[in-house]
Number of protein chains: 4
Amino acid sequence: MNSFGRLFRVSIFGESHGIQIGVVIDGCPPGISLEEDDLKDDFARRRAGGRGTTPRIEPDIPRIVSGVFQGKTTGAPLTIVFENTNVKSGDYGNLWDQPRPGHADFTAQKKYGAYNDPRGGGHFSGRITLGIVAAGVVAKKILGAVKVTAALIEAGGQKDIASAVEAAIESKDSIGGIIECCCTNMPIGLGEPFFDSAEALIAHMIFAVPATRGIEFGSGFAAASMKGSEHNDCIRDEQGQTITNYASGINGGITNGNDIVFRVPIKPTSSIGLPQDTYNFKEKTVSSLLIEGRHDTCIAIRIPVVIECATAIVLADLMLQERSRRI
Amino acid sequence: MNSFGRLFRVSIFGESHGIQIGVVIDGCPPGISLEEDDLKDDFARRRAGGRGTTPRIEPDIPRIVSGVFQGKTTGAPLTIVFENTNVKSGDYGNLWDQPRPGHADFTAQKKYGAYNDPRGGGHFSGRITLGIVAAGVVAKKILGAVKVTAALIEAGGQKDIASAVEAAIESKDSIGGIIECCCTNMPIGLGEPFFDSAEALIAHMIFAVPATRGIEFGSGFAAASMKGSEHNDCIRDEQGQTITNYASGINGGITNGNDIVFRVPIKPTSSIGLPQDTYNFKEKTVSSLLIEGRHDTCIAIRIPVVIECATAIVLADLMLQERSRRI
Amino acid sequence: MNSFGRLFRVSIFGESHGIQIGVVIDGCPPGISLEEDDLKDDFARRRAGGRGTTPRIEPDIPRIVSGVFQGKTTGAPLTIVFENTNVKSGDYGNLWDQPRPGHADFTAQKKYGAYNDPRGGGHFSGRITLGIVAAGVVAKKILGAVKVTAALIEAGGQKDIASAVEAAIESKDSIGGIIECCCTNMPIGLGEPFFDSAEALIAHMIFAVPATRGIEFGSGFAAASMKGSEHNDCIRDEQGQTITNYASGINGGITNGNDIVFRVPIKPTSSIGLPQDTYNFKEKTVSSLLIEGRHDTCIAIRIPVVIECATAIVLADLMLQERSRRI
Amino acid sequence: MNSFGRLFRVSIFGESHGIQIGVVIDGCPPGISLEEDDLKDDFARRRAGGRGTTPRIEPDIPRIVSGVFQGKTTGAPLTIVFENTNVKSGDYGNLWDQPRPGHADFTAQKKYGAYNDPRGGGHFSGRITLGIVAAGVVAKKILGAVKVTAALIEAGGQKDIASAVEAAIESKDSIGGIIECCCTNMPIGLGEPFFDSAEALIAHMIFAVPATRGIEFGSGFAAASMKGSEHNDCIRDEQGQTITNYASGINGGITNGNDIVFRVPIKPTSSIGLPQDTYNFKEKTVSSLLIEGRHDTCIAIRIPVVIECATAIVLADLMLQERSRRI
């Protein structure tokens, strides 16, 4: 299903070359200031344009079509849509014959049959994450003092990201990267033991973002090599602040007031400027494929704001839930 | 909430030193053979007993109390319970005064107040994962040809796990480890783009297992340093089998028929035999704490079967969902 | 929340005088033929125009903006929107001062505060049921042989509906009515005992339609005066067809293959052409209110198609669920 | 599925002659006083014993097995179970051959096949509503000042219920009845427009109670014969109290602070002491069936407390949800 959340519930819809993509947010509290202009900054961060991103720039002009009256949310479902303009769909017949490696061409065809919309990636397009960003902008307004910040900390295995990108452009290849996200000024008490642990809900949401390959919280994979005497965070004051923060601000699934810190590896863009081998279902043999057009060399550059917004959505939902608990 | 799943829905309940812990499985199809004895093998794998696990062994005797008639599931809710016998609860007052580092003592108290059941970890106890294992045994029966296998591949940073464990026992400390899980004979088409991607649902469930610090699928964190030309898996035949499997059998959130492979780091057990500093809320200062009793030196030894069963639950739910799609 | 359904999940959004109202259908199977024109007939039935309905006619032109490609559903979220054109919002300030009796003016203000959109009823408007009708048209295509038919069988207490309507128009008052809905060619096995009984899900959905005051299945309220020897339906053949059908085709929450028949009373339209007393919060006293404009004299005339579509949505969801059950 | 609720979530399980039946309540706030004895009164009301109820009396002894510590709810899942003792299951083979009219024998067999547990009605047994009553007792504690009261106001078409029951006992037949439920001291603002309207959620829950045939709120079916000028409730004071209450305390799906009043017809008990015709699948013809044993002559006598508890569950959930809304 294309929805996420219990009380602050986000549903996304649309296809890359369809008429309209968008997001419906159910359960948004009334009285939050919101206008289209509020989306501008986060949309700009997500948009292509710089080195390593596709030169094909979409306008991404949002329309708030329901749920806002006189500049404030009403409490009714909040819908934000984006018209897809100037889309030119090429001949996609060859995707059936020869699925692009790393893309969803093969799985979409198998799952949805000939009915899948293949134009520009259809519903699988990263463009659909616009809805997540839009919902995240709203969620951040619910978070109050809590700040969520994500950044690309490494690309192609290097901290000097610009040079890694240039090298990849030069070789007509693509590169991946690592995004780190930090949530500060966290309240104590969000999340539940087991299925609705704060980590479980964040991880669920993060894997909704295309191209993510993993997630680690705090000590993460390094925890496997640590001793308990090193890993246990010593509480140092009444507020529960700890000296180290290997737990990433979460114990037993519940936030402890320290920062939530997690890292997400992003795979290299699947579309590259080099010929690649893949199966040709028409010719019944592996043959070479060259994907036309211009692509993001490093899609990871555009994803931090999506991670940030996805995380804000989870935290907003947990904050609304926590409020309901006090009798 | 303590439930997970859409059509095959698992709810767990209970406390470490309470009367009964258990699991309710809603949506289990009728006609599956099931008896208490079927749980024996997976329970044995989860149970303590070997080197590096606590010498305090619980019997874990399951009773199927609803949903099975004449040895077959009926289609009604399937409930499996475990009586907690011979529990001796010590004085837990000191957990309020001085929360154990790495445990949920502090967060539980803040979230639930004085009402939290602290005895033996209460509802936060790893013992509650018995319900996940029980549900996983049932889920595996739904999976048919699909096999899910998890194993500890590293502990304390070493492949020679036994020696790592001995060293940790010697030093009265604890160590973490890495678990790898592999799902073979996978059908094509499970999962959805975005929020219900196969990775998202598996990750959600894996973080429901206490002590997990991360998850990576296929290439995982290494993907961040790879080029697209390396990372893209070349499809080699009609069935969609690929030469490499960096995608971990999932494209666009949907299984492609190749194995799902993922790795999970487990933190070192929080309870150790060494004194640790932590805040003392009564004395209003950091002071030393020595946790009494005997503990798992390497809890990661007992977790592979839990990861395996958690994964089976997700796949069973996705298989039931996929069946509903065909019109 | 503004969503309903487990596998065929419908979300509606919009306000009477907002920019766009619409519906998102999640979980619609791929391969169903659908074009805007398919909505024409059911929209015409819902539209005003005849005697007893408001002369204020809205165009209701649907746009399918996602989830359909080359005339077939794709399996991705299916979104249908309606632009609100030529809306003229009057001065709604007086709704705060003197809430209209029978309307949601008072409750909306109390629940959402000053943030509620009052223009034309805002999100409470019956116009939002356009989305239910649109989703119902899609649902009917999933139902196959099953037919759902609803009709107004009584208005203002009379079977001669036309004359009842004329009398009400004459008196500037409004009247209610009773709608009967019948589902034929039903498969056996839809629904569950208890919370997801076929009656429970249908009733839930029917009360989502504004102006409904009740629901009764089969024998309904008359059952209370019947004897078991009269009420029990005698099964007469292998297919489970019964001689009488007091059970309305449902036993133990599960469809038995006989017709589902239920009746729904609709209240008289709240807006009438006569002055009415109600509290004036500004003057702090009960005073008379005359609601301007033209209204439906008998809103029940326009509701049968909404009931029909609402029912089709529930049955489609149950049919998809039932399909998943077979192992 | 056998669960209901968003934040206060109730799951029931068990079979009439199984080992254990019970209820799991997820999302119960911590700090609520609860002991087994608190269930005594409502259980007594539900229990058989008086004229018109079966002489077969079950003990219904509850055990709180999780979620309560030192007499207070902990915030963890609250589980209450009932052992089934002294059950004697007769030969149920004949239920397959000749399904009892009015019972779920036929539908259960068709839906679950030979796997359905037929003993004493299995999971379809009214005995499973014990879990609803238990959860309702907890819910009532959340409701604070709100009182929910249900009573049988008519049986066999008569207000003199005792004489109607005696006549039915005499004739070895069974009779139905009408239950009226009233919720007083209601807060303003519970429920949502459309799918989660207060009526929709209550109706959903009420139809989870076996033997219900309908529901009407306030004016109910009489509304169909009323005029708007009669039906509209005149608000008479600042608190929104109205002179009449045809709306049953709900406008636009949202509670307005007036009492919620609804009526539910209960069908006559299906099992009667008279021979009845029904299809014999073995003999492939309609033949006579006499159901052995002793039955409730008027099951409606035992249902008011179930309706009351079911309603309390819905209101408790809505109250928790409403609390989360205030930002």
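Basis of the calculations
- Residues numbered from 1 in each chain as written.
- Chains lettered and ligands numbered in written order.
- Predicted model: local features only at pLDDT ≥ 70, side-chain atom pairs only at ≥ 80, totals over all residues.
- Heavy atoms only, no water.
- Helix = DSSP H or I, 4+ residues; strand = E, 2+ residues; numbered from the N terminus.
- Rg over C-alpha atoms; globule rule 2.2 N^0.38 Å.
- Buried < 20%, exposed > 50% of the residue type's maximum accessible area, 1.4 Å probe, protein only.
- Contact = heavy atoms within 4.5 Å.
- Areas by Shrake-Rupley, 256 points an atom, 1.4 Å probe, with all protein chains shown as cover.
- Lys, Arg positive; Asp, Glu negative; His and termini not counted.
- Charge placed at Lys NZ, Arg CZ, Asp CG, Glu CD.
- Pairing = 2+ DSSP bridges.
- Buried area = accessible area lost by both parts, 1.4 Å probe.
- Salt bridge = Lys/Arg side-chain N within 4 Å of Asp/Glu carboxyl O.
- Polar contact = N/O pair within 3.5 Å; in protein donor to acceptor, adjacent residues only side chain to side chain.
- pLDDT = per-residue confidence, 0-100.
- Axes fitted to C-alpha atoms, helices over the stretch in contact; angles between N-to-C directions.
- Least-squares fit on C-alpha atoms with pLDDT ≥ 70 in both.
- Parallel < 35°, antiparallel > 145°, perpendicular 65-115°, else oblique.
- Left-handed = near helix turned anticlockwise from the far one by under 90°.
- Nonpolar A, V, L, I, M, F, W, Y, C, P; charged D, E, K, R; others polar.
- Phe/Tyr/Trp six-rings, centres within 6.5 Å; stacked < 30°, edge-to-face > 60°.

Caption draft 1: Layout of the overall build of chain A. Within chain A one finds eight helices and 15 strands. In terms of C-alpha radius of gyration, chain A reaches 21 Å, essentially the compact-globule figure of 20 Å for 327 residues. Overall size of chain A, expressed as C-alpha extent along the three principal axes, is 65 × 55 × 35 Å. Here chain A holds 327 residues, and 66% of them are scored as buried. For chain A, the proportion of contacts with a sequence separation of at least 24, taken over those separated by at least 6, is 71%. Here chain A has roughly 10,600 Å² of accessible surface; of this, 50% comes from carbon and sulfur atoms. Taking the average location of the 33 positive side-chain charges in chain A and that of its 37 negative ones, the two points are 3 Å from each other.

Caption draft 2: Geometry of the pairing of strand S9 (residues 177–184) of chain B. Residues and elements named next belong to chain B. By the bridge criterion, eight bridges tie strand S8 (residues 147–155) to S9 in an arrangement that is antiparallel. Within the sheet, the bridge partner assigned to Ala-150 lies in S9 and is Cys-181. Sheet topology places S9 next to strand S13 (residues 260–266); seven bridges connect them, and they run antiparallel. Opposite Glu-180, over in S13, you have Arg-263 as the bridge partner.

Caption draft 3: A look at the interface of chain A and chain B. Taken residue by residue, the interface counts 104 residues in chain A and 104 residues in chain B. Between chain A and chain B the total buried area reaches about 7,900 Å² when both faces are included, carbon and sulfur atoms providing 63% of it. Lys-284 of chain B is the salt-bridge partner of Glu-238 of chain A, the closest N and O atoms lying 3.7 Å from each other. For the interface between chain A and chain B, the tally reads 41 residue pairs in polar contact (both at pLDDT 80 or more). Sorting elements by how many residues they give to the side of chain A that touches chain B places helix H6 (residues 198–206) of chain A first, with six residues. Both strand S10 (residues 214–217) of chain A and strand S10 (residues 214–217) of chain B contribute to a ladder of three bridges, which runs antiparallel.

Caption draft 4: Highlighting the confidence of the model for chain A. Summing up the model confidence of chain A, the mean pLDDT is 94 and the portion of residues at 70 or higher is 99%. Scored as a whole, the predicted complex attains pTM 0.98, and scored at its interfaces, ipTM 0.97.

Caption draft 5: Highlighting unusual backbone geometry. Residue Asn-185 of chain C is not a glycine yet carries a positive backbone phi of 60°. Within the secondary structure, Asn-185 of chain C is located in the loop between strand S9 (177–184) and helix H6 (198–206). At Asp-60 of chain D, a position not held by glycine, the phi torsion is positive, near 55°. By the element assignment, Asp-60 of chain D lies in the loop between helix H1 (40–46) and strand S4 (62–66).

Caption draft 6: Inspection of the interface of chain D and chain A at higher detail. Each partner contributes to the interface: chain D provides 11 residues, whereas chain A provides 11 residues. Viewed at the interface, chain A and chain D are joined by zero salt bridges.

Caption draft 7: The sheet that holds strand S1 (residues 3–4) of chain A, seen in detail. All names here are of chain A. If you walk across this open sheet you meet the five strands as S1-S2-S3-S7-S4, and the pairing is antiparallel. Among the strands making up the open sheet, the edge pair consists of S1 and strand S4 (62–66). Direction of pairing for S4 relative to strand S7 (residues 78–83): antiparallel, over a ladder of four bridges. From the neighbouring strand, Ile-64 faces S7, where its bridge partner is Ile-80.

Caption draft 8: Here's a closer look at the sheet that holds S10 of chain B. With antiparallel pairing, the eight strands of this open sheet are ordered in space as S8(A)-S9(A)-S13(A)-S10(A)-S10(B)-S13(B)-S9(B)-S8(B). Lying at the two open borders of the sheet, with one neighbouring strand each, are strand S8 (147–155) of chain A together with S8 of chain B. Between one strand axis and the next, the sheet turns by 20° as a mean value, whatever way the strands run. Relative to S10 of chain B, helix H6 (residues 198–206) of chain B is tilted by about 150°, and along the sheet it contacts S10 and S13 of chain B.

Caption draft 9: Main features of the relation of the copies chain D and chain A. Note on the identical chains: chain D maps onto chain A by a rotation of 180° and an axial translation of 0.0 Å, with an RMSD of 0.0 Å. Overall, the copies show the geometry of a two-fold rotation axis. Considering only C-alpha atoms, the part of chain D nearest the rotation axis is Ser-324 of chain D, at 2.2 Å. Same-surface contact between copies: 100% of interface residues of chain D are shared with the interface of chain A.

Caption draft 10: Structural context of the side chain of Arg-127 of chain A. Within the fold, Arg-127 of chain A resides in the loop between helix H3 (105–112) and helix H4 (130–143). With residues up to four places along the chain from it excluded, the contact list for Arg-127 of chain A reads Ser-16, Ile-21, Arg-46, Glu-58, Asp-60, Phe-82, Glu-83 and Asn-84 of chain A.

Caption draft 11: Looking closely at the environment of Val-165 of chain B. All names here are of chain B. In this structure, Val-165 sits in helix H5 (residues 161–170). Spatially, the C-alpha atom of Val-165 lies 25 Å from that of Val-261, the residues being 96 residues apart in sequence. If sequence neighbours within four positions are ignored, Val-165 has contacts with Arg-51, Gly-52, Ile-175, Thr-297, Cys-298 and Ile-301.

Caption draft 12: Layout of the packing of helix H4 (residues 130–143) of chain D against helix H8 (residues 304–325) of chain D. All names here are of chain D. Their axes nearest at 7 Å, the elements H4 and H8 cross at an angle of 45°. One way to sum up the angle between H4 and H8 is to call them oblique. Between H4 and H8 lies a crossing of left-handed hand. Listed contacts from H8 to Ile-132, Val-133, Ala-135, Gly-136, Val-137, Ala-139, Lys-140, Ile-142 and Leu-143 of H4 are Val-306, Glu-308, Cys-309, Ala-310, Ala-312, Ile-313, Leu-315, Ala-316, Met-319 and Leu-320. Classifying every residue of the contact of H4 with H8 by side-chain character gives 16 nonpolar, one polar and two charged.

Caption draft 13: Up close: the pairing of strand S14 (residues 276–280) of chain A. Counting buried positions over the five residues of S14 of chain A gives four, a clear majority of the element. Connecting S14 of chain A to the next strand, strand S15 (residues 285–289) of chain A, in antiparallel fashion are four residues, including Lys-284 of chain A with a positive phi near 55°.

Caption draft 14: Molecular detail of the environment of Glu-35 of chain A. All names here are of chain A. Its place among the elements puts Glu-35 in the loop between strand S3 (20–26) and helix H1 (40–46). Using a relative accessible area of 45% as the deciding quantity, one classes Glu-35 as partly exposed. Expressed as a C-alpha distance, the spacing of Glu-35 and Thr-73, which sit 38 residues apart in the sequence, is 9.4 Å.

Caption draft 15: Local environment of the relation of the copies chain A and chain B. Overlay of chain A on chain B (RMSD 0.0 Å): rotation 180°, translation along the axis 0.0 Å. The share of interface residues of chain A whose copies in chain B are also at the interface is 100%, consistent with both copies meeting through the same surface.

Caption draft 16: Expanded view of the packing of H6 of chain B against helix H8 (residues 304–325) of chain B. All names here are of chain B. Packing of H6 against H8 brings their axes to within 9 Å, and their N-to-C directions diverge by 140°. Classified by the interaxial angle, the pair formed by H6 and H8 is oblique. You can see that H6 and H8 cross each other, and the crossing is right-handed. Each of Ala-198, Leu-201, Ile-202, Met-205 and Ile-206 in H6 lies in contact with H8, whose residues at this interface are Ile-307, Ala-310, Thr-311, Ile-313, Val-314 and Leu-318.

Caption draft 17: Focus on the pattern of salt bridges. Applying the stated criterion to the full structure yields 92 salt bridges over all chains. Of the charged contacts, one joins Lys-141 of chain A and Asp-38 of chain A as a salt bridge, the two residues approaching to 2.7 Å between their closest N and O atoms. A residue pair is termed long-range when its members are at least 10 positions apart, and Lys-141 of chain A in helix H4 and Asp-38 of chain A in the loop between S3 and H1 qualify at 103 residues. Judged by relative accessible area, Asp-38 of chain A falls into the partly exposed class, the value being 28%. Among the salt bridges present, the one from Arg-45 of chain C reaches Glu-308 of chain C, with a minimum N-O distance of 2.8 Å. Note that Arg-45 of chain C is positioned in helix H1 (residues 40–46) and Glu-308 of chain C in helix H8 (residues 304–325), a separation of 263 residues in sequence. Salt bridges sharing common partners tie together Asp-42, Arg-45, Lys-140 and Glu-308 of chain A.

Caption draft 18: Representation of the packing of aromatic side chains within the structure. Taken as a whole and assessed by the stated rule, the structure comprises 30 aromatic pairs over all chains. A centroid spacing of 5.9 Å and a plane angle of 25° characterise the contact between Phe-106 of chain A and Phe-281 of chain A, whose relative ring orientation is stacked. With a gap of 175 residues between them, Phe-106 of chain A in helix H3 and Phe-281 of chain A in the loop between S14 and S15 connect regions that are remote in the sequence. Under the relative-accessibility criterion, Phe-281 of chain A is labelled buried at 18%. Judged by centre distance (5.3 Å) and plane angle (85°), the ring pair of Phe-217 of chain A and Phe-207 of chain B falls under edge-to-face. On the criterion of chain membership, the pair formed by Phe-217 of chain A in strand S10 and Phe-207 of chain B in the loop between H6 and S10 is interchain, its members lying in two chains.

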